[in-house]
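# Chain and residue survey
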Amino acid sequence: MAAALKVACLGAGYFSQFHYGAWARIPDVTCVGAADRDIEVARATGFPAFNRLEPMLAATNPDILDIILPPLAHRAAILTALDAGVKTIICQKPFCRDLKEAEGVSLLAEQAGARLIVHENFRFMPWYRAIRKEISAGRIGTPLQAHFRLRPGDGQGPDAYLDRQPYFQQMPQFLVHETGVHWIDTFRFLFGNPSAVYADLRQINPVIQGEDAGFVIFDHPEGVRTLFDGNRHCDHAADNQRRTMGEAFFEGTAGVLTLMGDGRVDFRAHGRLAVEPVLPPDTWEGFGGDCVYHLQNHVVRAVLDGDALENEAHDYLQVIRIKDAVYRSAETGQKIALP
């Protein structure tokens, strides 16, 4: 019987709870370490605790390193892991500080024979997997357009995000860089890489340094258009505003798939009133339909069974290029063509 994969985690902030909880439930995995500058926070995970990455890597020799840190710390952590011989690295998004830095570490990982995967988990939400399956099966006919309305309702007032992720207030690029990238990746997962983008971004809450609302239109292959309509001040009908973070419509010549705030997906045929269920409401009490688990298990299956990997860094670089084009469009007021 093969030994369990050893996983070590760097970072024990707010979102890391979903990483640690997922690793604890994945078969064939043992979490051998948690590192954080605050050793007490690391100890609170329940796993062997370290206050720096280097001693954790030396003591545990992990098969997988999971980096759960903000972008400022990504490059140094990845380089340290590569120097230590770690061959599978998962890194949270936004990935690195900028495209140049992301390209550099991606190349170094390839040269070291390591797999570097970006923890872009939204495409692993069960509703987007179901929607892709339905679109691929021709359920909506020829795809024409999609519209996602981001409405988490968490951006109002002077205390916005201070209780959860206070650094959100200081990010010079916020809505698209931190959150909208999820749908840049999800739209390309569903419809392919866009060929052009047009964006209109704005700031509503004065305590937020970056933009917190806006519209972004993407041109995809075969004439498909997608719209990311984000406003962190407004909410949507849901018992958990962070489950889907909004509502979406995927329309084609034969009908429309609708994503609701409870994770339910319905289909309505063109010209009909009746609605057919595709996916029942989500019952997972944690984050996003347990998408963190699904992504991490996907990586484990790739390591153990040789499954193809999604979200490898060299491919994810395109998400960063698209994100940068979104900001150029907003600054210039022009539609930006993408290579």
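For the structure, check the block above.
Residues numbered from 1 in each chain as written. Predicted model: local features only at pLDDT ≥ 70, side-chain atom pairs only at ≥ 80, totals over all residues. Heavy atoms only, no water.

## Observations concerning the overall build of the chain
When its secondary structure is counted, the chain shows nine helices and 15 strands. Over its C-alpha atoms, taken along the principal directions, the chain stretches across nearly 60 × 50 × 40 Å. Sorting the 339 residues of the chain into buried and exposed places 55% on the buried side. Summarising the internal contacts of the chain: among those between residues at least 6 apart in sequence, 67% fall at separations of at least 24. For the chain, the accessible area works out to roughly 14,600 Å², and carbon and sulfur atoms hold 52% of it. Within the chain, one finds 33 positive and 42 negative side-chain charges whose respective centroids are separated by 2 Å. (Helix = DSSP H or I, 4+ residues; strand = E, 2+ residues; numbered from the N terminus. Buried < 20%, exposed > 50% of the residue type's maximum accessible area, 1.4 Å probe, protein only. Contact = heavy atoms within 4.5 Å. Areas by Shrake-Rupley, 256 points an atom, 1.4 Å probe, with all protein chains shown as cover. Lys, Arg positive; Asp, Glu negative; His and termini not counted. Charge placed at Lys NZ, Arg CZ, Asp CG, Glu CD.)

## Observations concerning the layout of surface pockets
Unoccupied space between atoms shows up once a probe the size of one water molecule is rolled over them. Space inside the largest pocket adds up to approximately 940 Å³. In this structure, the largest pocket is lined by 40 residues; those nearest its centre are Gly13, Ile68, Leu69, Pro70 and Tyr167. Elements with a contribution of two residues or more to the lining of the largest pocket: helix 3 (53-60), helix 4 (74-83) and helix 7 (175-191). Across the lining of the largest pocket, the residue classes tally to 21 nonpolar, 10 polar and nine charged. (1 Å grid on protein atoms, 1.4 Å probe; cavity = no way out; pocket = protein on both sides within 12 Å on 5 of 7 lines; lining within 4 Å. Points joined across faces, edges and corners; volume = space filled by probe spheres on them. Nonpolar A, V, L, I, M, F, W, Y, C, P; charged D, E, K, R; others polar.)

## Brief notes about the packing of aromatic side chains
Counted under the stated rule, the structure contains 14 aromatic pairs. Judged by centre distance (5.6 Å) and plane angle (40 degrees), the ring pair of phenylalanine 18 and phenylalanine 287 falls under tilted. Pair noted here: phenylalanine 18 is in helix 1 (residues 16-23) and phenylalanine 287 is in the loop between strand 14 (276-279) and helix 8 (291-305), with a separation of 269 residues, a long-range link. Classification of phenylalanine 18 as buried rests on a relative accessible area of 19%. Aromatic rings pair up to connect Tyr14, Phe15, Phe18, Phe122, Phe148, Trp183, Phe228 and Phe287 into one cluster. The ring of phenylalanine 267 carries arginine 139 above its face, with NZ or CZ at 4.3 Å from the centroid. (Phe/Tyr/Trp six-rings, centres within 6.5 Å; stacked < 30°, edge-to-face > 60°. Lys NZ or Arg CZ within 6 Å of the ring centre and 35° of its normal.)

## Points about the nonpolar core
In globular proteins that are soluble, nonpolar side chains generally tend to be buried together. Ranked by internal contacts, the top residues of the largest apolar core, which has 101 residues, are Leu65 and Phe95. Setting aside its immediate chain neighbours within four residues, leucine 65 contacts Ala8, Cys9, Leu10, Leu53, Met56, Leu57, Ala81, Val86, Thr88, Ile89 and Ile90. Ranked by size, the runner-up nonpolar core spans six residues in total, among them Ala160, Tyr161, Phe168 and Met171. (Core = buried A, V, L, I, M, F, W, Y, C linked by side-chain atoms within 4.5 Å.)

## A closer look at the packing of helix 3 against helix 4
One can describe the packing of helix 3 onto helix 4 by two numbers: an axis separation of 10 Å at closest approach and a directional angle of 30 degrees. Put simply, helix 3 runs roughly parallel to helix 4. Note that helix 3 runs across helix 4; the crossing there is right-handed. When helix 3 is examined against helix 4, the residues Leu53, Glu54 and Leu57 are found in contact with a partner set consisting of Ala77, Thr80 and Ala81. Classifying every residue of the contact of helix 3 with helix 4 by side-chain character gives four nonpolar, one polar and one charged. (Axes fitted to C-alpha atoms, helices over the stretch in contact; angles between N-to-C directions. Parallel < 35°, antiparallel > 145°, perpendicular 65-115°, else oblique. Left-handed = near helix turned anticlockwise from the far one by under 90°.)

## Quick look at helix 8
End to end, helix 8 covers 20 Å across 15 residues, agreeing with the expected 21 Å (1.5 Å per residue, within 8%). What helix 8 keeps buried is the set Cys291, Val292, Tyr293, Leu295, Gln296, Asn297, His298, Val299, Val300, Arg301 and Ala302. Against strand 1 (5-10), helix 1, strand 2 (29-35), strand 4 (64-67), strand 5 (88-92) and strand 6 (115-119) lie the buried residues of helix 8. Following helix 8 by one or two positions, glycine 306 has its phi on the positive side, about 80 degrees. (Expected span 1.5 Å × (residues − 1).)

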